Amino acid sequence: MARIELKNITYSYNGETNAVEDINLTFSKEGRYSLLGPSGCGKTTLLKIIAGLLSPQGEVLFDGQGMRDTPVEDRDIAMVFQFPVVYPMSVFENLMFPLRRKKMSKKEKKERVLQISALLELEPILNERANKLGPADSQTVALGRALIKGAAVLLLDEPLSSIEPEKRTLLRIKIKRIQEEEKKLFIYVTHDQLEALTLSDKIAVMNDGRVLQFDSKEKIYDRPANLFVGYFIGSPGMNILDGELKEGKLNFEDFTLPAIPRLQGYLEQHKKFKLGVRPEYLHVSKEEREEWIPFKCDEIEEKGRGVRILYLKSENNQNEIKALGTFSDVSTGDKVWIQFPRDKVRIYDKKGQQITI
Amino acid sequence: MEILRLEGIERKVLRKKILQDISIEVKEQSFTAILGPVGAGKTTLFKIIAGSIKPSKGKIYLRGKDITNLPPQKRRVAMVFQAFSLYPNLTVYENMASPLRAARRGESEIREKVETQAEILRMGSLLDKHPYELSGGEGQRVAIGRALVKEADVYLFDEPLTNLDYKLRESMSRELKDILTAEGFEGTILYATPNCEEALSMSTETILLQEGKVIWGGPTLESYLMPPCIAFAKNFSSPPMNLFECRLTREGNELYLYASKEIKLNVTHLKGLLHENGYILGLQPHVLYTEKKGPEMMPITVNLTLAEITPSGTMLYLEHEGKRATGFLQFPQDFKEKSLQFFVYSQDFFIFSKQSGELIMKYRSVHNGKN
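Notes on the structure follow. (Residues numbered from 1 in each chain as written. Chains lettered and ligands numbered in written order. Predicted model: local features only at pLDDT ≥ 70, side-chain atom pairs only at ≥ 80, totals over all residues. Heavy atoms only, no water.)

**Thoughts on the overall build of chain A**
Part 1: Along its length, chain A carries nine helices and 20 strands.
Part 2: Judged by the C-alpha coordinates and their principal axes, chain A covers about 80 × 45 × 35 Å.
Part 3: Buried residues in chain A amount to 55% of all 357 residues.
Part 4: Contacts in chain A between residues far apart in sequence, at least 24 positions, make up 66% of those at least 6 positions apart.
Part 5: Summing over all exposed atoms, chain A offers an accessible surface of approximately 16500 Å²; the carbon and sulfur share of this is 45%. (Helix = DSSP H or I, 4+ residues; strand = E, 2+ residues; numbered from the N terminus. Buried < 20%, exposed > 50% of the residue type's maximum accessible area, 1.4 Å probe, protein only. Contact = heavy atoms within 4.5 Å. Areas by Shrake-Rupley, 256 points an atom, 1.4 Å probe, with all protein chains shown as cover.)

**Remarks on the pairing of strand β6 (residues 77–80) of chain A**
All names here are of chain A.
Part 1: The two faces of β6 match: Ile-77 and Met-79 on one face and Ala-78 and Val-80 on the other face are all buried.
Part 2: Sheet topology note: the β6/strand β7 (residues 153–157) ladder contains four bridges and is parallel. Looking at the pairing, Ala-78 lines up with Leu-154 of β7. (Pairing = 2+ DSSP bridges.)

**Some thoughts on the interface of chain B and chain A**
Part 1: Every contact between the two is made by 31 residues of chain B and, on the other side, 33 residues of chain A.
Part 2: It is B:Tyr166, B:Arg174 and B:Pro311 in chain B that bury the most area against chain A; as a group they hold 21% of the surface buried on that side.
Part 3: Linking chain B to chain A there are seven salt bridges.
Part 4: Among the salt bridges present, the one from A:Arg305 reaches B:Glu197, with a minimum N-O distance of 2.6 Å.
Part 5: Viewed at the interface, chain A and chain B are joined by 12 residue pairs in polar contact (both at pLDDT 80 or more).
Part 6: Breaking the side of chain B that touches chain A down by element, the ones donating at least two residues are α5 (166–181), α6 (196–202), α7 (220–225), β15 (298–310) and β16 (313–320) of chain B.
Part 7: When grouped by side-chain class, the residues that make up the side of chain B that touches chain A number 14 nonpolar, seven polar and 10 charged. (Buried area = accessible area lost by both parts, 1.4 Å probe. Salt bridge = Lys/Arg side-chain N within 4 Å of Asp/Glu carboxyl O. Polar contact = N/O pair within 3.5 Å; in protein donor to acceptor, adjacent residues only side chain to side chain. Nonpolar A, V, L, I, M, F, W, Y, C, P; charged D, E, K, R; others polar.)

**Here we look at the pairing of strand β12 (residues 254–258) of chain B**
Residue and element names in this part refer to chain B.
Part 1: Note: strand β11 (residues 242–251) against β12, five bridges, orientation antiparallel. Counterpart to Arg-250 in the pairing with β12 is Leu-255.
Part 2: Counting the residues that bridge the hairpin from β11 to β12 gives two residues, and of these Gly-252 lies at a positive phi of roughly 60°.

**Here we look at the packing of helix α3 (residues 107–120) of chain B against helix α4 (residues 136–149) of chain B**
Residues and elements named next belong to chain B.
Part 1: Packing of α3 against α4 leaves a shortest axis separation of 10 Å and a crossing angle of 135°. Considering their axes alone, α3 and α4 lie oblique with respect to each other. Read as a crossing pair, α3 and α4 show a hand that is right-handed. Contacts from Lys-113, Val-114 and Gln-117 in α3 reach Gly-145, Leu-148 and Val-149 in α4.
Part 2: Among the residues forming the contact of α3 with α4, the class breakdown is three nonpolar, two polar and one charged. (Axes fitted to C-alpha atoms, helices over the stretch in contact; angles between N-to-C directions. Parallel < 35°, antiparallel > 145°, perpendicular 65-115°, else oblique. Left-handed = near helix turned anticlockwise from the far one by under 90°.)

**As for the packing of aromatic side chains**
Part 1: According to the stated counting rule, one finds 20 aromatic pairs over all chains in the structure shown.
Part 2: Pairing B:Trp216 with B:Phe232 gives two aromatic rings, centres 5.3 Å apart and planes at 65°, and the pair type is edge-to-face. You can see B:Trp216 sitting in strand β10 (residues 213–219) and its partner B:Phe232 sitting in helix α8 (residues 230–235), a full 16 residues away along the chain.
Part 3: Under the relative-accessibility criterion, B:Phe232 is labelled buried at 1%.
Part 4: The structure contains a cluster of three or more aromatic residues connected by ring pairs, namely A:Phe252, A:Phe255, A:Phe273, A:Phe295 and A:Phe340.
Part 5: Positioned above the aromatic ring of A:Phe62 is the side chain of A:Arg75, whose terminal nitrogen or guanidinium carbon lies 5.8 Å from the ring centre.
Part 6: Its end group placed over the ring of B:Phe328, A:Arg305 keeps NZ or CZ at 4.7 Å from the ring centre. (Phe/Tyr/Trp six-rings, centres within 6.5 Å; stacked < 30°, edge-to-face > 60°. Lys NZ or Arg CZ within 6 Å of the ring centre and 35° of its normal.)

**Some remarks on a nonpolar patch on the surface**
Residues and elements named next belong to chain A.
Part 1: Residues Leu-53, Phe-81 and Val-85 make up a contiguous nonpolar surface patch of about 240 Å² in total accessible area.
Part 2: Summarising the element assignment, Val-85 is placed in the loop between β6 and α2 (91–96).
Part 3: Overall, the relative accessible area of 39% leaves Val-85 in the partly exposed class. (Patch = residues over 30% accessible without salt bridge, like charges linked within 9 Å, V, L, I, M, F, W, Y side chains within 5 Å.)

**Describing the nonpolar core**
Residues and elements named next belong to chain B.
Part 1: Counting 36 residues, the largest nonpolar core has Phe-157 and Leu-180 as its most contacted members.
Part 2: Sort the elements by how many residues they give to this core and α4 lands first, with six residues.
Part 3: If near-sequence neighbours (up to four positions away) are discounted, Phe-157 is found in contact with Phe-46, Val-80, Ile-144, Leu-148, Leu-176, Leu-180, Ile-189, Leu-190, Tyr-191 and Ala-192. (Core = buried A, V, L, I, M, F, W, Y, C linked by side-chain atoms within 4.5 Å.)

**Observations concerning α3(B)**
Residues and elements named next belong to chain B.
Part 1: Look at α3: 20 Å from first C-alpha to last across 14 residues, which is about the 20 Å you get at 1.5 Å a residue.
Part 2: Residues of α3 that are buried include every one of Ile-110, Lys-113, Val-114, Gln-117 and Ala-118, and no others. Along the long axis of α3, the arc covered by the buried residues comes to 130°, so they all point the same way. Across from the buried face of α3, at angles greater than 90 degrees, the exposed residues are Ser-108, Glu-112 and Glu-119.
Part 3: In this fold, the buried residues of α3 make contact with α2 (92–102) and α4.
Part 4: Two residues or fewer after α3 comes Arg-122, characterised by a positive phi angle close to 50°. (Expected span 1.5 Å × (residues − 1). Arc of directions from axis to C-beta.)

Structure below.
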């Protein structure tokens, strides 16, 4: 098993506003997925709906079967929560606990526990009491307990956000290892783009209870379907400029860019649009170049790792953009020339949806 | 001109030394980052400066005056906490006014100061709201506003951005920097953070605090470019700087710093500078390249443990000959292969003394030396 479909899912906690609205998503077998969005976007609600902890309008299908009357314990899933849940007993007993009613011999159970503890490097602490462990170790135990029964689906709800930052990487390494060793469907809820891009292949970006884009991580990054996605993914997020089609060109008050033939028809009709371009895609030159746009460098922020953010203003201060890169020869106050690479520029309508014609 | 000086500050709780022998000087109107991991003693240090706890030993001077025994309300020091503690029953206006009321200022002065500060922080529309009606970012902005309303010589910010999500942190860090470096703002800032990126992008000076001790202090950007010691190099880079133990070896007439078959630097021309047996080679994660850009580049073969991907770069957790290493690429990239080869320039290596941990020099090859 493990293909999960959500059809027209809507849920409201208070009967007035919808926590999630009209969600349609398909998670296929053994895929790695993330639900990514800011707090309050509905991602945890959606996970609870999949788990069977909330009953929504619409349909939840597991392998084509409606799940309306299937309670949590009968769905082939395991869950890991933001705050690690461990029982006040040894780590070994914690891992053994979900197997207590399984029809397996004692020896088989023990082998399974040892297999999982090897995978998660829990062997050195197997005899320690789980409730005495720090957050990172407790969460590792909780992960192990979720894995032990071999459920086909693993739901993870912000499993790292209560862990000390310096230990998160260790846990990410373990989660990645689980993904490689245990064939499962993973659905990972997070507000952190790094976790989504690192631990999944396909991402649903959510905001205000809706899914804005459901795509491979490469597309989410390179072709945000929506300005919110472009802003939310990336630090800094996408540059967004207000433009208007004037005399056949893309006009931004104090500079213009050549028209995009493919979109000419749409723009002739609607005139106004928004242009999005990622700060890391902009080319910066200290020398004047043909068709590059003059800007001045207002401020520089050192990011470390050899990277800087340039805060740039157009000639008459009508447009502000950021560029991300090495730029070792640029100083504050410099005049620079910027190229907006044609294949990296995206055009959006007034509401922020990408125009795809 | 120094404004704040700590001399031999120590803080003991039971028998444990939370802080020991802290002696620092802070320049007037500087922006000093106190960089340190969780548990380094940053918050304790701030509480001692603010006066809410007493040091077991040592003296604190503000503008040359000993304030060690002065109560908090008599010190010209303001503090913003990590978990912003606003009074839930008071409006934003009253929250911001509270330090001025405590100082028994007149109503018209309070109104003017609160409104001016709210204007600067662009939160004029929030003044009548209660804390529960605010988002996380707005709440933190109010807490910052409340600290800035209090006229102080020194403002202490204790990880003000740590509890915010990354999108908010991005805009708030710039906003905070703009406010605190704006013309007309005359306060001195001490800013505690575990995050070296924040220290690097905001501060002019950095003090590294570890296990209750000052490891190093100095100008931020220079120290980043030329890390003065191993402890600083480790903490002032995310992911941390690669450190390879190496020894001095002789092959015929040539002298090498040898860390592994691939990491090996010819130091024959530097022999006058190297008198110890053991050294540590440091290499910033971002100078590992995926392609060979020139014949002089050295290959490094690694196993990939994890690639952490963000749009602004990929952190690579690696193993080189059984030892941990890290890499950073300035673009998002996922790897299918586990065994990878990277390339580095020899002049990107730092040579540290193994014994003292201090930087000896940045490596230069014979060719560079001649230039």
